[in-house]
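Structural overview
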Amino acid sequence: MEGKNFLAVDCGNSWYKALSSDGGYYGDYQIPNAISLYDEEFYEKPYDEGDIKFEENMIVELKSHALIDKREIYYIGKAATKQRDVSLTGFNNQKVDEDRTYILLFGLAAFHAVCLNPNETEIHYHIDQLAVSLPTTQYREMKDKFRQRLLGTHTVIFHKVPGVTEPKELTVKLYVEDVIIGAEGACAYLGLTRDQETLAIKDDDLVKDSQKGIIIGDLGGDSVDFVGIKNNKPVASVEGETFGINQFLDNIIQKVSKNELYKFDSRAELEEKLAAGQSEWYVEPFAGVRKDISKYIIPQLKSMAIKYLEHFDRVRSSSSEIKGATRYIAVGGAAKLAQKQIQEVAVRWADRGRPIQLTFPENMEKLNVHGLMILAKMKQIRTEQENENLISVRS
């Protein structure tokens, strides 16, 4: 696999997270799942371009067969969150059929290509294996359609790039040679049990526990995906639910805006504050005025924790394949943010005689994308072995 380029992208409803591996160079990126239409007329030129970070000022134009509307230019990621008409995800969004998926995914891939080639304005970047994820509810029906849209050549043009001479554009041609689609949650299990470099099993105890059954609850922005694992393999009958942290973030944002006169740019701004810890749970609506917002945050996280465990209980009771599961594992960025509240609610469940002993693994917010990278490398090995067998048969 030497000299091969791998890109894994977790297309989350809150964040797009990517891992790359290019001949020993490793990249780790994330951008908010946010887009906004770009209009040249309303573009505000910065006073000092040296203060502008490229990753926070991404304005992209995508030319691709994957798109339905091929003419628009968009702010993506943090640049989009600062715009008045920012578009965030809604409930039950169908990733395969939405242009935003490809704008964000290929925009992030092109940004990685620019990081690899910082002094070029026209870049050709080949992706030998692209691994992406879908929620379990969309995986079976949509994975083949998703793969076909991702394969092939896609051109990304970055506009108004800081530090680049007029016309301040960078063009990246992406060549996607092969694609593998993973199911959210099942990818997290790969990330838990296999080493990212050697691909060998690294947690024998967890694999042994899978003989009796494991349930992974992947709590994200707009969905919670439960994957049952039995005998080291995913159980396909456990489906996802339209439930996630975004609705609770929106409630916090609305309450803070109404009562403290402070408007968050986006959910991403609030999530970063939550991740920083309770010492950062304040806002400054006016210079020198500091307002504690923990009274709006904690009740929402508690409400989410209660519903999360209710979903966990329903899944373990309703799925015949994993009745008697011995391990329950929480993964996803939202589960990490509400870990304390989930653990507190779990104690009450135990007191009521229905214990859910949850495990909170390290790097739980990145397990899906780690699993996707493992999936990409495993697919590449399988492809090379098949090619070798084909050559030996022909010769």
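The structure under discussion appears in the preceding block.
Presented here is a report on the structure given in the accompanying data block. These numbers were taken from a predicted model, which means no experiment stands behind them.

1. As for the overall build of the protein chain
The helix and strand inventory of the protein chain stands at 11 helices and 18 strands. Over its C-alpha trace the protein chain gives a radius of gyration of 22 Å, about what one expects of a compact globule, namely 21 Å for 395 residues. In terms of overall dimensions, the protein chain has C-alpha extents of about 75 × 65 × 35 Å along its principal axes. Looking at the protein chain as a whole, 54% of its 395 residues are labelled buried. When contacts within the protein chain are restricted to residue pairs at least 6 apart in sequence, long-range pairs at least 24 apart make up 69% of them. As displayed, the protein chain has an accessible area near 18600 Å², and 46% of this comes from carbon and sulfur atoms. Computed over 50 positive and 60 negative side-chain charges, the separation of the two mean positions in the protein chain equals 6 Å.

2. Digging into the pattern of salt bridges
Enumeration over the complete set of coordinates arrives at 17 salt bridges. A salt bridge links Lys-366 to Asp-28; the shortest N-O distance between them is 3.0 Å. In this pair, Lys-366 is assigned in the loop between strand E18 (358–359) and helix H11 (367–394) and Asp-28 in strand E3 (residues 25–32), connecting sequence segments 338 residues apart. Measuring nitrogen to oxygen at the nearest pair gives 3.3 Å for the salt bridge that ties Glu-61 to Lys-63. For Glu-61, a relative accessible area of 13% corresponds to the buried category. Judged by relative accessible area, which is 43%, Lys-63 ranks as partly exposed.

3. Re a nonpolar patch on the surface
Taken together, the side chains of Leu-261, Phe-286 and Val-289 present a nonpolar region at the surface, about 290 Å² in accessible area. Take Val-289: it is sitting in strand E16 (residues 289–292). Of the residues examined, Val-289 reaches a relative accessible area of 30% and is grouped as partly exposed.

4. Focus on the packing of helix H6 (residues 246–260) against helix H8 (residues 294–318)
As a packed pair, H6 and H8 sit with axes 9 Å apart at the nearest point and diverge in direction by 160°. As judged from the angle between their axes, H6 and H8 are roughly antiparallel. Seen along the crossing, H6 lies across H8 with a hand that is right-handed. Side by side, H6 and H8 meet where Phe-248, Asn-251, Ile-252, Lys-255, Val-256, Asn-259 and Glu-260 of the first sit next to Lys-295, Tyr-296, Ile-297, Gln-300, Ser-303, Met-304 and Lys-307 of the second. In terms of residue class, the contact of H6 with H8 is made up of 6 nonpolar, 4 polar and 4 charged.

Cut-off values and rules
Residues numbered from 1 in each chain as written. Predicted model: local features only at pLDDT ≥ 70, side-chain atom pairs only at ≥ 80, totals over all residues. Heavy atoms only, no water. Helix = DSSP H or I, 4+ residues; strand = E, 2+ residues; numbered from the N terminus. Rg over C-alpha atoms; globule rule 2.2 N^0.38 Å. Buried < 20%, exposed > 50% of the residue type's maximum accessible area, 1.4 Å probe, protein only. Contact = heavy atoms within 4.5 Å. Areas by Shrake-Rupley, 256 points an atom, 1.4 Å probe, with all protein chains shown as cover. Lys, Arg positive; Asp, Glu negative; His and termini not counted. Charge placed at Lys NZ, Arg CZ, Asp CG, Glu CD. Salt bridge = Lys/Arg side-chain N within 4 Å of Asp/Glu carboxyl O. Patch = residues over 30% accessible without salt bridge, like charges linked within 9 Å, V, L, I, M, F, W, Y side chains within 5 Å. Axes fitted to C-alpha atoms, helices over the stretch in contact; angles between N-to-C directions. Parallel < 35°, antiparallel > 145°, perpendicular 65-115°, else oblique. Left-handed = near helix turned anticlockwise from the far one by under 90°. Nonpolar A, V, L, I, M, F, W, Y, C, P; charged D, E, K, R; others polar.

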